[in-house]
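Survey of secondary and tertiary structure
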Amino acid sequence: EDIKKVKKNVVRCFNVIKMNVCDTVPRCILHFFITQLVDDLEHALEQEDLVEFLKEKQDILERRKVCRAQFSALKQALPHTDEVL
C-alpha cells in the first residue's frame, strides 16, 4: 500500500513537471522567434533610410487620389439618384 502511494505521488509529480514543460517550451520558442524578428527588423531599418522606408509608395499615393476623386463624385451624384428613381 505504501508503494502504491509513493507511485501515485511520483506520477502526480511527473504530471506537474510535464504540464510545466508543455507550458514553458512554446513560450520559449515564441520568445526566440520574436526576438529574432525584432533583431532582423532593426538591422534592416539600420541599413535603409528610415524616411524612405516609411514614405508611401507613389503608386499607392496615386491610387488614393483616384479613390478620393471617385468618392467625391459618388457623393455628389447620390442626391441626384433620388430624383431619377
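Use the structure listed above.
The paragraphs below set out a description of the structure included in this document. Keep in mind the model is a prediction, meaning the values are calculated, not measured.

**What about the overall build of the protein?**
If you tally the helices and strands in the protein, you get three helices and zero strands. Going from N to C terminus, the protein has its helices and strands arranged as α-α-α. Here the protein has a C-alpha radius of gyration of 31 Å; the compact-globule value for 85 residues is 12 Å, and the former is much larger. Considering the protein as a whole, with its 85 residues, one finds that 0% of them fall into the buried category. Surface summary for the protein: the accessible area is close to 8600 Å², and the carbon and sulfur share equals 64%. The averaged location of the 15 negative side-chain charges in the protein is 14 Å from the averaged location of its 14 positive side-chain charges.

**Considerations on the pattern of salt bridges**
Scanning the entire structure with this criterion turns up two salt bridges. Where R27 meets D23, a salt bridge forms, and the shortest distance between an N and an O atom there is 3.5 Å. Of this pair, R27 and D23 both sit in helix α1 (residues 2-47), four residues apart, roughly one helical turn. For the salt bridge of R64 with E56, the shortest nitrogen-to-oxygen distance reads 2.2 Å.

**Some remarks on a negative patch on the surface**
A grouping of D39, D40, E42 and E46 is seen on the molecular surface, where their side chains present a negatively charged patch. Inspection of the secondary structure assignment puts E46 in helix α1.

Parameters and conventions
Residues numbered from 1 in each chain as written. Predicted model: local features only at pLDDT ≥ 70, side-chain atom pairs only at ≥ 80, totals over all residues. Heavy atoms only, no water. Helix = DSSP H or I, 4+ residues; strand = E, 2+ residues; numbered from the N terminus. Rg over C-alpha atoms; globule rule 2.2 N^0.38 Å. Buried < 20%, exposed > 50% of the residue type's maximum accessible area, 1.4 Å probe, protein only. Areas by Shrake-Rupley, 256 points an atom, 1.4 Å probe, with all protein chains shown as cover. Lys, Arg positive; Asp, Glu negative; His and termini not counted. Charge placed at Lys NZ, Arg CZ, Asp CG, Glu CD. Salt bridge = Lys/Arg side-chain N within 4 Å of Asp/Glu carboxyl O. Patch = residues over 30% accessible without salt bridge, like charges linked within 9 Å, V, L, I, M, F, W, Y side chains within 5 Å.

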